[in-house]
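Coordinates in review
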There are 2 protein chains.
Amino acid sequence: MTRTMSYRQPSVGIVGAGQLARMMAQAAIPLDIRVVLLAASADDGAARVTPDVVVGAPDDAHALRELASQVDVITFDHELVDPALLAELEQEGVIVWPSSGSMALAQDKRRQRSELGALGLPVPAFANVDSVDDAQAFGEAYGWPIVLKASRGGYDGRGVWVLRDADEASRVVEGALASGTVLLAEEFLALDLECAMLLARRPNGEIAMYPPIETVQADGICRELRVPADLDPVLVTQAESVARQIAEHAGIVGIMAIEFFVSKGRLYVNELAPRPHNSGHWSIEGAITSQFEQHLRAVLDWPLGDTSTTSDHVVTVNLLGPGDGIDPRSNLAQALGVEGVHPHFYGKEARPGRKIGHVTATGRDASEVETRARSAHHLLVGEKGKG
Amino acid sequence: MTRTMSYRQPSVGIVGAGQLARMMAQAAIPLDIRVVLLAASADDGAARVTPDVVVGAPDDAHALRELASQVDVITFDHELVDPALLAELEQEGVIVWPSSGSMALAQDKRRQRSELGALGLPVPAFANVDSVDDAQAFGEAYGWPIVLKASRGGYDGRGVWVLRDADEASRVVEGALASGTVLLAEEFLALDLECAMLLARRPNGEIAMYPPIETVQADGICRELRVPADLDPVLVTQAESVARQIAEHAGIVGIMAIEFFVSKGRLYVNELAPRPHNSGHWSIEGAITSQFEQHLRAVLDWPLGDTSTTSDHVVTVNLLGPGDGIDPRSNLAQALGVEGVHPHFYGKEARPGRKIGHVTATGRDASEVETRARSAHHLLVGEKGKG
């Protein structure tokens, strides 16, 4: 007779079933963590590779409670969840990481700007915009153009407008207010570069910080990650300190990504995300502990892993759905002919402009690594390689 | 209206749902390869983390055809499949890699020894054993002890007996023959060390070879992998050449592992496996392309990946189910406190002596890497760390 040794499998519920959930589910396999998804559709990228799926909307209290009943802790693929609903679950004893409070802060750019400003952290000049007058006054005070942002829900360039003058401000602000969008204005910064800090924090306050990441953007969408960022050591130290203060202020548990602007040699906080983030995808092959494993460790209150890089240089190129009719996944075999590249697909249909995957390369020489990652990217999207 | 770009998802059917299928399924996620398992039980390690599972026996023709109908190519988690049945599928047009012919050779140690010997490859002296007399004659010719092996189905020390003298030979051979076991005898070699070569081969004959692996064994079970093996360069060259010849002779497609003995400075072929193998588990973190991704690439006839190591030294320690009542998975949080270690669990109950997982560490200094991997292993199995 075989004696059964007692073992209780740890389990994590993920609200949402996009690429972040998909990569978390992949990271959960070796650690034997059971992942249960709350997926809007059984066809979502993560739901297609995970056996345990609850189908339901992320703001459906019944579906969330069903998810909670199956797992040790609830975490997130996205921020489209009502913090009040999460707070209810917390009061019922459900462990939710990041907490309802962290999620509320992450969802509200007005609140972020004012709270981070009040902490003395470097943020761009900003003002709430409740009328055309507010926007025009801000433009007159700080000079045109100004940046107008939706306080909630923007991503990949959506919910962000650059307003060149008072006329454009009048037109755009009027339209946005009419559709019920809560707005804020920020000074327009001439950018030296954009970068991001990625960290993980445990419930006990322990923090693990990854090296700084350069995020190369076009049209408000991140196109490339370069690790380590080519950043003045003074700015690295400042970015680490700011990231740590934000994580502590937000009481984050799990991964947090903080995106920064560098303008005229100075650092400004741009956005924050309370979860694994596009700017951390390089870590799958590029760091000893990937952001996905690290997030699972943190929300399960396990020791955080080593955030060192696995090689001197890491380059990740995002794959956007191309404008023509070829799905990049159809070109996979060609791209795999490039030595030492790691394509990742998210199981999503290749609509034009949509982030559908990424490619990572690692190595000793920055430009050689960049060439390989870009060559594979070009082959996937059907362009001629530059390499 | 959204235009749908045409894309046909590649798919691989795996016969068996143990740890090899589990790690293949994990490697399939980023490449968006659909994996369908033929699992003996829905509770098998791989079936627990994969949505597409056909439940059935590996030698059930109906179940195999059901699997074949869903995928582009069939491959294997184990060798417990009748080659004649696979040959039937091949004749029906099903792509099966490794082929029925490769599987037949891999399953039959008598045939392996005679064919590899006939090719002039270094194998231990051997003879078929169909009677007690055969074994005793072999012992007298080559000296006691001798090694008796079942021609089929042995693994992890099962199906292997060291016979000290003619009396023991008589007793063991009689018992084995009575139970219908087909036997062969081999000379007993005093071992300097054991090592393995891991390679992948495409249908077009392209081969990618991994660096040599030292396999540290105890009681016929592999306990540790060390990469690279501390092997005379002359032996490395010979091992590569022998591995290549075996792969070509067997017409292998996919990963093949060839285990070697080194005795008095000479190399001997021990066993071969026509699939991802325990001796290649280090490659998940230790090589640019893991053996699991490489196997998928090969059976889909895609370009093979870079087999270079990601760091100077890699050590993998196998986790065996311990004798006492504690499941090593219960000690995971403690083990994760060791910096930079990668535990992998197979989703299997921790019966004593059973391989239930492994731990890998990588780094620049061999003994420091070994210390970390062993410390995590000790913490998992509940022993005091030696580190």
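Coordinates for the structure precede this section.
Predicted, not measured: the structure shown is a model, and the values here were computed from it.

**Some words on the sheet that holds strand β8 (residues 183–187) of chain A**
All names here are of chain A.
- Overall, antiparallel pairing links the 4 strands, which are arranged β5-β8-β6-β7 in an open sheet. Each edge of the sheet is formed by a strand with only one pairing partner; in this case those strands are β5 (126–129) and β7 (160–163). With strand direction ignored, the average angle separating the axes of adjacent strands in the sheet is 25 degrees.
- In terms of strand pairing, β5 meets β8 through 4 bridges, oriented antiparallel. Pairing of N128 across the sheet is with L184, part of β8.
- Those strands touched by helix α7 (residues 166–178) are β5, β6 (146–150), β7 and β8, and its axis lies near 155 degrees from that of β7.

**Brief notes about the pairing of strand β13 (residues 254–263) of chain B**
Residues and elements named next belong to chain B.
- With 10 of 10 residues buried, β13 lies mostly within the body of the structure.
- By the bridge criterion, 9 bridges tie strand β9 (residues 193–201) to β13 in an arrangement that is antiparallel. What sits directly across from L193, in β13, is V262.

**Some words on the packing of helix α3 (residues 83–91) of chain A against helix α4 (residues 100–107) of chain A**
Residues and elements named next belong to chain A.
- At a minimum axis distance of 8 Å, the contact between α3 and α4 shows a crossing angle of 170 degrees. Classified by the angle their axes make, α3 and α4 are roughly antiparallel. Residues P83, L86, A87 and E90 of α3 form the contact with α4, whose participating residues are S100, M103, A104 and Q107.
- In the contact of α3 with α4, the residues fall into 5 nonpolar, 2 polar and 1 charged.

**Focus on the pairing of β6 of chain A**
All names here are of chain A.
- Burial analysis of β6 places 5 of its 5 residues in the buried class, which makes it a mostly covered element.
- What you see with β6 is no split at all: I146, L148 and A150 on one side and V147 and K149 on the other are buried throughout.
- The sheet contact formed by β6 and β7 spans 4 bridges and is antiparallel. Each bridged residue has a counterpart across the sheet, and for V147 the counterpart in β7 is V162.

**Examining the interface of chain B and chain A**
- Each side of the interface is counted separately: chain B has 48 residues, and chain A has 48 residues.
- Summing both partners gives a buried area of about 4,400 Å² for chain B against chain A, and 58% of it is carried by carbon and sulfur.
- At the boundary of chain B with chain A, the tally comes to 4 salt bridges.
- D32 of chain B is paired through a salt bridge with R22 of chain A; the nearest N and O atoms lie 3.0 Å apart.
- Seen at the junction of chain B and chain A, the total is 11 residue pairs in polar contact (both at pLDDT 80 or more).
- Residue assignment for the side of chain B that touches chain A shows that the elements contributing at least two residues are α1 (19–28), α11 (332–335) and β16 (341–345) of chain B.
- Considering each element in turn, the side of chain B that touches chain A owes the most residues, 5 residues, to β16 of chain B.

Parameters at a glance
- Residues numbered from 1 in each chain as written.
- Chains lettered and ligands numbered in written order.
- Predicted model: local features only at pLDDT ≥ 70, side-chain atom pairs only at ≥ 80, totals over all residues.
- Heavy atoms only, no water.
- Pairing = 2+ DSSP bridges.
- Helix = DSSP H or I, 4+ residues; strand = E, 2+ residues; numbered from the N terminus.
- Axes fitted to C-alpha atoms, helices over the stretch in contact; angles between N-to-C directions.
- Contact = heavy atoms within 4.5 Å.
- Buried < 20%, exposed > 50% of the residue type's maximum accessible area, 1.4 Å probe, protein only.
- Parallel < 35°, antiparallel > 145°, perpendicular 65-115°, else oblique.
- Nonpolar A, V, L, I, M, F, W, Y, C, P; charged D, E, K, R; others polar.
- Buried area = accessible area lost by both parts, 1.4 Å probe.
- Salt bridge = Lys/Arg side-chain N within 4 Å of Asp/Glu carboxyl O.
- Polar contact = N/O pair within 3.5 Å; in protein donor to acceptor, adjacent residues only side chain to side chain.

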